[in-house]
Amino acid sequence: MPLFALYSLLSSKKIMIIKYIIKNFRRRKVRTILMMLALMISTGLIVAMSATVESVRQSNVELIASGVGRYDLQFQKKETDQEPFIEVSQTSERILGSSESVTAVYPRIDTDVALRGNGNEATGRLIALDQAIDTVGFIDVVEGEYTLGNRQVALLEATATSFDLSVGDQIEVAYSFPQPREEGKTSPAGSSQRQAVDIFTISSIVRQDGVTDSGVRGGLIMSLDDAQVWLGLDNRAERLIALVDPALYEERNAENAALNVRNVAVAVQNELGEQYQYSLTKAAILDQSAQAFLILQALINTYGIMSLGVVGLLVHTLVMTNVQEQKREMAILRILGSERGYLFRLVIGEVLIVGIIGIGLGVVLGQIINQYLIVPFIVRTLTMEGLVARLQPSVNLVSILPAIISASAVLFFSALRPAQEASTTKVMHAINPGVADNIQIEDITNLRERRPNNRFLIFGFMLILSVLMTIGLSVSDTFGNEVFSATVFLAAFLMMVLGIGLIFFITTVPFEKLVLFVLTSVAPRLTFFARRNVSRNQARNTLISMLVLFSGVLPSFLATDSAISNANIETDVRLDSGADLELQTFSRFGDPAFADLSRLDGQFINDELPAIDGLEHVVGLTYDYSTQVTDSVGMRQGSINLVGVSDSLNNVLFSEFIIMTAGGTASLDEILVDDTAVVISEGLALGLAIPLGGKIQMTGEGLDHVEELTVVGIARRLPGFSNIGRVKSQGLSGSTVLISVDGFKQVTSDPQVGLPPANARLFDRVLASVAPDADPNVVIEDMSRQFGGEYDFWIDSVDVSLEFARTGRVQEQAFLLVMTLISFTTAVFGVFAVIYVTIYARRIEIGMMKAMGTRNWELTGMLIVESIAMTVSAALAGIVAGGTMGYLIAYMENLTAQRPMQFAIDTTVMPFIVILVVFASILGTAFSARRIVKRKAVEILRM
Amino acid sequence: MTKPIIHVDNVHKSYLMGKEAVPALRGVSIEIQAGEFVCLMGPSGSGKTTLLNIIGGLDEPSRGHLTIEDENVVALSENKLARLRLEKLGFVFQNYNLLANFTAQENVEAPMVLRKTNRRERQTRSQELLERVGLGDRMHHYPSELSGGQQQRVAIARALANDPPILIADEMTGDLDSETGFAIMRLVKQLNEDGMTIVFVTHDPRMSEFATRVVHMQDGRIL
């Protein structure tokens, strides 16, 4: 559109505003560029962060798929069905017809087999699939050509390596046919299973990603046709997998996405009936990850808001400086007849144009950062974790819009005060600036008018803030709205960060003195000048200190939290596990109605398990029996979980973590010989006001069944038992009470029915100690090999848990460094802008110093020392604030959880903050000072 | 005749105003002997402040020579020029130009810090100088707590801090009332009588009477 046409659309007043603004931009190029750059960078970072959340959100499904298999639903026959295999053609048709959202169904065999080759034996996974249609997951070929059929198989890399097999070699595969069991009964132990054994030729060595779950590294992939011929399964498969419409996952709310998939599974269930078992692992994990995702989002939003706040301060400072400098011009405009609104619009218009350009460029920058930095970083981290991440950079309207809205809001509020200041310019500013700020004739209207005082409003709001937060949290709990919960969480987090920052602001003064003291020994002459300016220039210092301090609090808090967690990993893992090895049955976390099917019996605990080489002591723990306890007269009561213990816990628990308030560790043995003796938590003892030797009444199974039990031990902490502690309220609501297995049977059996049989399946957890000379990993392997086929359980060792936890910490550290860099980038801009403006305002002083004979490098050095003193002191205050908050929270958490805590100091993020700040001060000051210092003294004095 | 302490020889100075060069000095030559009290007078735009700035090493001539105590100032590097100002010249300006965050004593100490004078000596000398200018009781006051006359006295004390042989003053009484202005001039006269060379610019003929030589300028030339 020609300029003339554009002009004709605007009134002459508006054209004048635009002309004036453009002239101002030309006059103050550096300031304008600074504002645009700060806006661009902060908006860019927020867009990048939002896009990261969006990328992670969208790729979450992808990552989960990589972990659990890149399919959505899985159908298998129930163990009780007499025909364990599925007829493929018709069943597939029925599944496809049950819901429009099911897009594909593929038959598979995916089961454990025994493998033998090159003199080696091991178990591995057999995956039989129809290569022509079943393209679920990815295959990376390490060697050979991935072709299945004609008795050729693809061997998974781990097996190829451990068996030392190559392409062209042969491998023997032994498959045990599943034995259907009678409903309500377990399959008879030791009964013989039909086996099929055959030899296949290796056509390729491959790695799989998402074909099945990521834990499968060993085994082989076979053509389904070959498997069907070999096993005599004509048109039958062991399972069917299905894909659903990917649109079902395109929900911002992970929980809703998971429920969408569940609806499809329900539709299939309605079609196929109860003889199948349905698995939606991907949706289930997505559902569970919703909460963690919420916290990540809130954390990133907090960083974003902190960064924008800093930019807001920066814009406010620069625009206010512009307004102050333009006061005379504005006063002249007023003399010429400008209304106040015109001056207001002049400032807002200037900021608006800066905003449009800065935010626009920021959006582009955000996309670049996300695409070329963040996504590759996530992919690299996940790859290091062994996950194959196929992330697509995701910058869309959802990730851009919040950044644009937040940046615009911050910009508007930053410009509001300067615009008001401009609009209140008095004509006297042009005539006699010295008296302009005194009350003038035009102020009389303001004196007459009573206006609302915003400070009262803010003060009132602060007073009821804690109440509002409590209400907010309870409302979010009640209504379960993810967005609302995130907002409340974010608000609470922000308040905490800002609050602690403000509390510790006072420490910037002693830190300034400390930094100046250190600098005096390095550069005494330069510090002589810096000291006075730093300690006596409050307004400027406050602004810089605030910028740096607030930017430092959150990273320091998270870094301290991470350092403490890191230092206590071993303690935490040992406390959580309780013993060298922890075995848990899946029934512990499954449907209670079927729980007893996979529980373990006494024979397994007492005879089979101890026979494993390397296991020293084994203690079986029964399932948790939830019931009520009262004092002997029923005045005080609480709910507890009763757990039966098969042997002495003293033999397996990490003894250094046991704290007994009364009865000592001997009480853990005492309960084994007295069926009416119990060990209770200190919290329960306090809650019921029961001393050692006191009696408690426990409600048992069946009508009028109450057992009187004697408290022989009171525990404050027992490793492996998280529900034992000293907190009274927790003690009365679900704390663990330990009893002998016989005592457990007494309580949990209806007297009218009688005690359960000796081999009843009561145990769902085992704690075991490993002999000092045994390798826990070998013991676990032996246990899995020997019992894995018969029982559904998993085993954790302290070593494996520790390794897992440590890997997590490394990731956390990397994330923290990136977030710190992001949050400080904007702070650096803030510091730079303030220093820039300050140096300009102090030009006469600089000119005079130069006239006196100060050399350029000395002047620059003085200004740098000043900056370092101001920023480092603020960074230290921020670090102390964040660190203290981290310690306090960790201490409180550990205090209530009865965990011993080793204090630790972060040695990565905190030094990084200080280095970043020093670097920014040096660069910012040198650059800002250069344009003034390089001039002649007389030029500076004339400016 | 003794050698002049300041020798200005055919100095020209032009300023660029847009694309046009505007001459401020047109071949000015002047010799100032040690111990002289020279006043530069002339109407606005006559070039007196430009000449003063060039003599003080704050500005450089477009053409011509300037020597101070036999040292060719025009040939000096930026750093050496700064050193020359620090050791041989003291400056007093119309608007005092004191460091706002420094007390009177710290302001006086500042040039000595730059010259690496030790702390004890700095404090003793700054105290002496402030007492000499009549501000012994205002040493710990900040500039904002002092009157205009008192601020100018601090500026004079600061100019004397490194005991320079030459004092350069630009309209040093311009912002002061007559009585204070005369008091300041009497103080400067006293310094001159103690052997210091003074070169100053003023518009006020009453102040020029303190000088031993008045140099009139017009259109960038000495009349």
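The structure presented is a predicted model; accordingly, all values stated were derived computationally and were not measured.

Analysis parameters
Along every chain, residues carry numbers that run from 1 in the direction the sequence is written. Labels follow written order: the first chain is A, the first ligand is 1, and so on. Restriction of local features to residues with pLDDT of at least 70 applies here, the model being predicted, together with a cutoff of 80 or more for giving and counting side-chain atom pairs; totals for whole chains, interfaces and linings are based on all residues. To qualify as a helix, a DSSP run of H or I must reach at least 4 residues; to qualify as a strand, a run of E must reach at least 2; elements of each kind are numbered from the N terminus. Buried residues are those with 20 or more other C-beta atoms within 10 Å of their own C-beta, exposed residues have 12 or fewer, and partly exposed residues lie in between; C-beta atoms are placed from the backbone. A pair of residues counts as a contact when their C-beta atoms, built from backbone coordinates, are separated by no more than 7 Å. Buried Ala, Val, Leu, Ile, Met, Phe, Trp, Tyr and Cys residues form a nonpolar core when they are connected through C-beta atoms within 7 Å. One less than the number of residues in a helix, times 1.5 Å, gives the span that helix is expected to have. We call two strands paired when DSSP finds no fewer than two bridges between them. Axis definition: a line fitted to C-alpha atoms, over the contacting stretch in the case of helices. Angles run 0 to 180 degrees between N-to-C directions. What sets the label is the angle itself: under 35 degrees gives roughly parallel, over 145 gives roughly antiparallel, 65 to 115 gives roughly perpendicular, and the rest give oblique. Whether a crossing is left-handed or right-handed is set by the direction in which the near helix is turned from the far one by less than a right angle, anticlockwise for left-handed and clockwise for right-handed. Think of pLDDT as the predictor's per-residue confidence, scored from 0 to 100.

## Quick notes on the overall build of chain A
Line of reasoning, step 1. A tally of regular secondary structure across chain A gives 33 helices and 24 strands.
Line of reasoning, step 2. With 943 residues in all, chain A has 44% of them scored as buried.
Line of reasoning, step 3. Long-range pairs, those at least 24 residues apart, make up 83% of the contacts in chain A with a sequence separation of at least 6.

## Some details on the overall build of chain B
Line of reasoning, step 1. When helices and strands are counted, chain B shows seven helices and ten strands.
Line of reasoning, step 2. Looking at the 223 residues of chain B, the share that counts as buried comes to 50%.
Line of reasoning, step 3. If you take every contact in chain B between residues at least 6 apart in sequence, the share linking residues at least 24 apart comes to 69%.

## Digging into the nonpolar core
Residue and element names in this part refer to chain A.
Line of reasoning, step 1. Ranked by internal contacts, the top residues of the largest apolar core, which has 196 residues, are Leu39, Leu547, Val831, Ala833 and Ala869.
Line of reasoning, step 2. At 18 residues, the largest contribution of residues to this core is made by helix 31 (residues 856-896).
Line of reasoning, step 3. What leucine 39 contacts, discounting residues up to four positions off in sequence, is Val311, Val354, Gly355, Gly358, Ile359, Gly362, Ala407 and Leu411.

## So, helix 31 of chain A
All names here are of chain A.
Line of reasoning, step 1. In this model, helix 31 (41 residues) spans 59 Å end to end at C-alpha, consistent with the 60 Å of a helix rising 1.5 Å per residue.
Line of reasoning, step 2. For helix 31, a buried count of 29 out of 41 residues is recorded, marking the element as mostly surrounded by other parts of the structure.
Line of reasoning, step 3. Note on helix 31: the residue one or two positions beyond its end, glutamine 898, has a positive phi of about 60°.

## Focus on the sheet that holds strand 5 (residues 71-72) of chain B
Residues and elements named next belong to chain B.
Line of reasoning, step 1. A sheet is described by the order of its strands in space; here four strands give the open sequence 2-1-4-5, paired in antiparallel fashion. The sheet terminates laterally at strand 2 (20-32) and strand 5, the two strands that pair on one side only.
Line of reasoning, step 2. Here ten bridges tie strand 1 (residues 6-17) to strand 2, and the two strands are oriented antiparallel to one another. Looking at the pairing, histidine 12 lines up with arginine 26 of strand 2.
Line of reasoning, step 3. Each of strand 1, strand 2 and strand 4 (63-68) touches helix 1 (residues 48-55); the most contacted strand, strand 1, lies at about 120° to it.

## Quick look at the interface of chain B and chain A
Line of reasoning, step 1. Facing the 21 residues of chain B at the interface are 19 residues of chain A.
Line of reasoning, step 2. For the side of chain B that touches chain A, the leading source of residues is helix 2 (residues 78-88) of chain B, giving six residues.

## What about the environment of threonine 302 of chain A?
All names here are of chain A.
Line of reasoning, step 1. For threonine 302, the position within the fold is in helix 8 (residues 281-325).
Line of reasoning, step 2. For threonine 302, a count of 21 C-beta atoms within 10 Å puts it in the buried group.
Line of reasoning, step 3. Here the alpha-carbon distance between threonine 302 and alanine 491, two residues 189 residues apart in the chain, equals 8.4 Å.
Line of reasoning, step 4. Contact partners of threonine 302, with chain neighbours within four places excluded, come to Leu490, Phe493, Leu494, Val497 and Leu554.

## Remarks on the sheet that holds strand 8 (residues 197-201) of chain B
Residue and element names in this part refer to chain B.
Line of reasoning, step 1. Taken together, six strands build an open sheet; the order of strands is 6-7-8-3-9-10 and the sheet is mixed. For this open sheet the edge positions go to strand 6 (89-92) and strand 10 (221-222), each flanked by a neighbour on one side alone.
Line of reasoning, step 2. Alignment of strand 3 (residues 37-41) against strand 9 (residues 213-218), held across four bridges, turns out to be parallel. Residue pairing in the sheet places cysteine 39 in a bridge with valine 214 of strand 9.
Line of reasoning, step 3. Where helix 5 (residues 148-159) meets the sheet, its contacts fall on strand 6 and strand 7 (166-170), and the angle it forms with strand 6 comes to roughly 170°.
Line of reasoning, step 4. Here helix 6 (residues 178-193) sits on the sheet and contacts strand 3, strand 7 and strand 8; the angle it forms with strand 8, its principal contact strand, is near 150°.

## Focus on the packing of helix 5 of chain B against helix 6 of chain B
Residues and elements named next belong to chain B.
Line of reasoning, step 1. Remark: helix 5 packs on helix 6, axes separated minimally by 10 Å, with the N-to-C direction vectors making an angle of 15°. In this view, helix 5 runs roughly parallel relative to helix 6, as classed from their interaxial angle. Pair helix 5 / helix 6 crosses with right-handed handedness. In contact with Gly148, Gly149, Gln152 and Ile156 of helix 5, helix 6 contributes Thr180, Ala183, Ile184 and Leu187.

## Some words on the confidence of the model for chain A
Atomic detail in the predicted coordinates should be set aside for any region of low pLDDT.
Line of reasoning, step 1. For chain A, the average pLDDT comes to 81, and 85% of its residues sit at 70 or higher.
Line of reasoning, step 2. Least confident of the elements in chain A is helix 1 (residues 3-9) of chain A, whose mean pLDDT is 52; most confident is strand 19 (residues 677-681) of chain A, at 95.

## Some points on the packing of helix 3 (residues 104-114) of chain B against helix 4 (residues 119-132) of chain B
All names here are of chain B.
Line of reasoning, step 1. In contact at an axis separation of 9 Å, helix 3 and helix 4 are set at 125° when each is read in the N-to-C sense. The pairing of helix 3 with helix 4 is recorded here as oblique in orientation. Where helix 3 crosses over helix 4, the two elements pack in a sense that is right-handed. Residue-level contacts link Ala104, Gln105, Val108, Glu109, Met112 and Val113 of helix 3 to Arg122, Arg125, Ser126, Gln127, Leu129 and Leu130 of helix 4.

## Here's the deal with the pairing of strand 19 of chain A
Residues and elements named next belong to chain A.
Line of reasoning, step 1. Most of strand 19 is tucked away, with five of its five residues classed as buried.
Line of reasoning, step 2. The two faces of strand 19 match: Ala677, Val679 and Ser681 on one face and Val678 and Ile680 on the other face are all buried.
Line of reasoning, step 3. Bridge count between strand 19 and strand 21 (residues 706-717): five bridges; the pairing is parallel. Following the sheet pairing, serine 681 is matched in strand 21 by alanine 715.

## Brief notes about unusual backbone geometry
Line of reasoning, step 1. One non-glycine residue with positive phi stands out, namely aspartate 164 of chain A, at about 55°.
Line of reasoning, step 2. One non-glycine residue with positive phi stands out, namely asparagine 10 of chain B, at about 50°.
Line of reasoning, step 3. Following the sequence through the fold, asparagine 10 of chain B ends up in strand 1.

## Some thoughts on the environment of leucine 25 of chain B
All names here are of chain B.
Line of reasoning, step 1. In this structure, leucine 25 sits in strand 2.
Line of reasoning, step 2. By C-beta crowding, leucine 25 is classed as buried, having 26 other C-beta atoms within 10 Å.
Line of reasoning, step 3. Distance in space between the C-alpha atoms of leucine 25 and threonine 50 is 7.5 Å, their sequence separation being 25 residues.
Line of reasoning, step 4. Those residues in contact with leucine 25, other than ones at most four positions away along the chain, are Val11, His12, Lys13, Gly47, Thr50, Leu51 and Gly220.

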